[in-house]
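# Structure assessment
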Amino acid sequence: MAFKWFHKEKTKDYPDFWLAYLDAFNTKKKESVESTRFVAFDTETTGFDRKKDRVLSIGAVAFVGKSIEVNKSFEIYVEQDIFKGETVKIHGLMKKGSEEKITELEAIKAFLLYIKDAILVAHHASFDRNMVNEMLLRHGLDKLKNEFIDTGVLFNKSKHVIYKESLQEHYSLDDLCKELNVPKIDRHTASGDALITAFVFLKILSRLDKRKHLEWGYLLSR
Amino acid sequence: MKNSIAERVCDFLKAYPPFDLLKYDKLLEIAEEVVIIYLEKADVLFKEGDSFNEHFYMVRNGSVSLTHTHNDTQEIVSMSDAGDIFGVRPLIAQENYKLTATAHEESIVYAIPIKGFQLAVENNSKVYKYLVTAFATNAYDPYTTKENNEIFVDYLPNNSHDIVNFQTANYTKNPVTCSEKTSLRDAAIKMSVLKIGCIIVIDQEKKPVGIITNSDIKNKIATGKYPIETAVTNIMSSPVITNKKDLTVADGQLQMIKHNIGHLCITKDGTINSKLIGVLSHHDVLVTLGNNPSVILKEINRATRTKKLRTARLKANTLLKNYLEQNIPLSHIIKIISQINDAVTFQAIEIALLKMPTPPPVKFSWLALGSQGRKEQLLYTDQDNALVFEDVPKEKYQETQAYFIELAKYVTKSLNKIGFEYCEADMMASNPEWCKSLTEWKNQFKNWILKPDEKAILLSSIFFDYSRIYGDEELVDELSNTIYKTLEETSLFFKFLGRDAIKSPSPLGFFKQFLVEENGDQKDLFNIKSRGLMPLIDSARLLILSKQIKGVNNTYERFEKLAELEPNNKELYNSCSYAFKALSKFKTKQGLLHNNSGKFIELETLTKEEKLKLKRCFKPIHEIQETLKFRFDLKNFI
């Protein structure tokens, strides 16, 4: 039984919703960029420490092609014991705010059901990914299985070769809005930022060389 | 569940009619069902003849043009900007679209569900009244008052401030006529002798009873349906559509579109029961609308808003198309279109200056680069531009540069709105790298000339073809003088330019086959720009720089100048000049045909004659490249 150790991993008692989530990846085959479902998302958190800080809100929009359906957007607020006053001024989420809140486990369930096997798009994606992954690990689950595209990284790649040397290391979402002429509506709410990220992503795609760069090898490489 | 995005959509909608008439909670219900669509420039949302969608649309950002196909040409009927609604036909009638909606620039559009909208406004008669009156009040002609249910806001030109549209139409007086008893043969002979396309059949009281056009003769006689001796009354189209003599161009055009006809009869009292006094043809309308460069230039110079500049520039495209069809010499077309492009940029800068809080701190000049700088830009292309300002004390530099960058941002933004795409490589005056003081620019050019490398040459091909569009002349002269002085110091730079000019070899392969693209989307297409035009442009630039000639920017004029200077190479230079013009024309025609830059040509769509013509243009490319190799001693340099 050479694969016994491997097998053991699989038999760990995962809840049904996680198994359903994993299942979507088994049947997955690569489709063309135009017919792939993307989910742009953003999290609002109590801070930047992935171990100590917590997710307060997740916003996301899904799109195939260039259309985003408003009624299929995703917006949840999470009940947390950890709370820091100093970040309230950024996201405006109070401990006893008026938003309807759900538990972290419910939030995970809803989020996984929403994203399925979509390609996730986020600005400074590694931060959001880490925050969500920590949340999953806390509840005995595994890390996200989805592919990620970071709009900051993609933007750098899309710039013309003669400006490569003058590129910034980090572009804030505000920088990109300015650069790409994206209207800043509802900046600093999770779903507002998710929508802005989706626009930024679509605008970068439109600027890429359609002959060479609209394929997975280019989009998913870092 | 809370939906913040729907709330923001709602906030936008409620600022514009008819949504401002709705209660917030009703509007939120609509907003939740909205689909947000991102459109790249030239993306088509719906096409003329498509069956109707479940949505109508509002522009959130950018602009969407609505066009109508008439006699195989696309005419712009209206332009929707942020807050404008369009595609409302299905809201009133379950009919196919009569217009095509295309993104005029990069845009974001809200698609509003018709069902949801109807549900929400059901009891709000005010909203319906608004929609119906908005459609109906746009109707000018006598027919529409009867049928105003069929007239839609997106059916009518919305450039209602446009003076040209409301000029009285210039119709043909004393049109050619014949009596009802005339035979078709006699009528046709009359048309042929007088070289006209239509003849009006009139009765004894000179009232128009019908019209015969070329196509009537084609469809009814040449096909054998009627004998050639038949009476004109048998094949004429009847009754004719009539109008009073004081109708406007817009009215005239509208009626032609509505009735799908090419001619309107002008009668004394505007009905078919009075004497015929003239004919307005579709051609007359086109002439008044777009065929007159001086009208377009006047309109540009009067424009106080970017929107109006855009309307004027769009007309120049109609003009361009007609010129090409009429086979007017390309050098003439290039001059007129460049003049229009320069005027548009000039006016865009004037408008931008008004938006600035203070007048410019020092003198400056706006430079056009690349094809606009060479004054050979025909279709809309990317904008390439730069700005040079007078030297200022060191401590003032940043402040001064910041002022001009802000100015340039306004200018590039409106140029983009007009139709000139942002430069992919960001070679625009709004980029701090290309918005500098005179001294900084001098150093920049010196650097490129004295220390040439790959990047310098790539940039040189764009920056060395500059021309002043706006501002101080002396600044630019001084810059040019420095450049030519520096060029005397080195020959290495010329070698680099030479290497660039010969890097794409003759476009014909060993067996005189076209060299086509080998991979990617453009596989098997012929790239006329990189393989045909660029070698000629690069060669002309190199030769003219090496001869220290200032102020000749056009590629074909450069070759003509060279022919003058070197009589023993006259033939070669003249054939290069000819080849450049022929290839540009080719590219422009293809571009107009496919509504793109015309860069790539599908060889299969060309006739044999066209292919031969193309091949003839390639001979001088090969010869000029050989000349460069020899003259700049490039053999060992590659």
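Residues numbered from 1 in each chain as written. Chains lettered and ligands numbered in written order. Predicted model: local features only at pLDDT ≥ 70, side-chain atom pairs only at ≥ 80, totals over all residues. Heavy atoms only, no water.

Under an unreviewed UniProt entry, the name given to chain B is CBS domain-containing protein, and the organism recorded is Flaviramulus basaltis.

As recorded in an unreviewed UniProt entry, chain A goes by the name DNA polymerase-3 subunit epsilon, listed as coming from Flaviramulus basaltis.

Helix and strand counts for chain B stand at 24 helices and 21 strands. By residue count, 55% of the 638 residues in chain B fall in the buried class. In chain B, the share of contacts with a sequence separation of at least 24, taken over all contacts with a separation of at least 6, comes to 70%. Total accessible area on chain B is roughly 30000 Å²; 50% of this is exposed by carbon and sulfur atoms. (Helix = DSSP H or I, 4+ residues; strand = E, 2+ residues; numbered from the N terminus. Buried < 20%, exposed > 50% of the residue type's maximum accessible area, 1.4 Å probe, protein only. Contact = heavy atoms within 4.5 Å. Areas by Shrake-Rupley, 256 points an atom, 1.4 Å probe, with all protein chains shown as cover.)

Another point: helix H21 (residues 528-546) of chain B. Residues and elements named next belong to chain B. Compared with an ideal rise of 1.5 Å per residue, which puts 19 residues at 27 Å, H21 spans 26 Å between its outermost C-alpha atoms and is within 8% of the ideal. Within H21, the axis deviates most sharply at methionine 534, by approximately 40°, and proline proline 535 lies no more than four positions further along. Counting buried positions along H21 yields 15 of 19 residues, so the element is predominantly enclosed. Of the residues that open H21, the one with a side-chain oxygen 3.0 Å from the backbone nitrogen of lysine 529 is asparagine 527. (Expected span 1.5 Å × (residues − 1). Bend = angle between axes of the 7 residues up to and from the residue. Polar contact = N/O pair within 3.5 Å; in protein donor to acceptor, adjacent residues only side chain to side chain.)

Turning next to the pairing of strand E14 (residues 263-267) of chain B. All names here are of chain B. Among the five residues of E14, four are classified as buried, and the element is accordingly described as predominantly covered. Pairing of strand E13 (residues 242-243) with E14 involves two bridges; the strand directions are parallel. Considered in E14, the bridge of asparagine 243 is made with isoleucine 266. Regarding topology, helix H10 (residues 249-259) serves as the crossover connection from E13 to the parallel E14, and that connection is right-handed. (Pairing = 2+ DSSP bridges. Right-handed = clockwise from strand over helix to strand, strands pointing away.)

With an omega of -5°, the peptide bond running from serine 238 of chain B to proline 239 of chain B counts as cis. Residue position: proline 239 of chain B is located in the loop between helix H9 (232-235) and E13. Positive phi, close to 55°, is recorded for histidine 124 of chain A, a residue that is not glycine. Inspection of the secondary structure assignment puts histidine 124 of chain A in the loop between strand E6 (119-122) and helix H5 (125-138). Residues other than glycine seldom take positive phi values, yet asparagine 181 of chain A does so here, at roughly 60°. Here asparagine 181 of chain A shows up in the loop between helix H7 (173-180) and helix H8 (190-207).

Looking now at the interface of chain B and chain A. Taken together, the 35 residues of chain B in the interface contact 31 residues of chain A. Together, the buried faces of chain B and chain A total about 3100 Å²; carbon and sulfur atoms form 57% of this surface. Considering only the side of chain B, the residues that lose the most area to chain A are Ile5, Ile36 and Tyr38 of chain B, jointly responsible for 21% of the buried surface there. The tally of links between chain B and chain A comes to four salt bridges. The closest approach of N and O atoms between lysine 66 of chain A and glutamate 40 of chain B, which form a salt bridge, is 3.2 Å. For the pair chain B and chain A, the number of links is 13 residue pairs in polar contact (both at pLDDT 80 or more). Among the secondary structure elements, those contributing two or more residues to the side of chain B that touches chain A are helix H1 (4-13), helix H2 (24-32), strand E1 (35-39), strand E3 (55-61) and helix H18 (454-463) of chain B. (Buried area = accessible area lost by both parts, 1.4 Å probe. Salt bridge = Lys/Arg side-chain N within 4 Å of Asp/Glu carboxyl O.)

Spatially, E9-E15-E14-E13 (chain B) is the arrangement adopted by the four strands of the open sheet, whose pairing is mixed. Strand pairing shows two members of the sheet lacking a second neighbour, strand E9 (172-173) and E13 of chain B, which therefore form its edges.

With that settled, the discussion passes to the packing of aromatic side chains. Overall, the coordinates contain 41 aromatic pairs over all chains when judged by the stated rule. Taken together, a centroid distance of 5.4 Å and an interplanar angle of 50° make the contact between phenylalanine 41 of chain A and phenylalanine 111 of chain A tilted. You can see phenylalanine 41 of chain A sitting in strand E1 (residues 37-45) and its partner phenylalanine 111 of chain A sitting in helix H4 (residues 104-115), a full 70 residues away along the chain. Given a relative accessible area of 0%, phenylalanine 41 of chain A falls into the buried group. Note on phenylalanine 111 of chain A: relative accessible area 2%, which makes it buried. Plain terms: the ring middles of phenylalanine 19 of chain B and phenylalanine 117 of chain B are 5.8 Å apart, the flat faces sit at 75° to each other, and that makes the pair edge-to-face. Here phenylalanine 117 of chain B lies in helix H4 (residues 114-121) and phenylalanine 19 of chain B lies in the loop between H1 and H2, a separation of 98 residues in the sequence. Take phenylalanine 19 of chain B and phenylalanine 117 of chain B: they sit in the same class, and that class is buried. (Phe/Tyr/Trp six-rings, centres within 6.5 Å; stacked < 30°, edge-to-face > 60°.)

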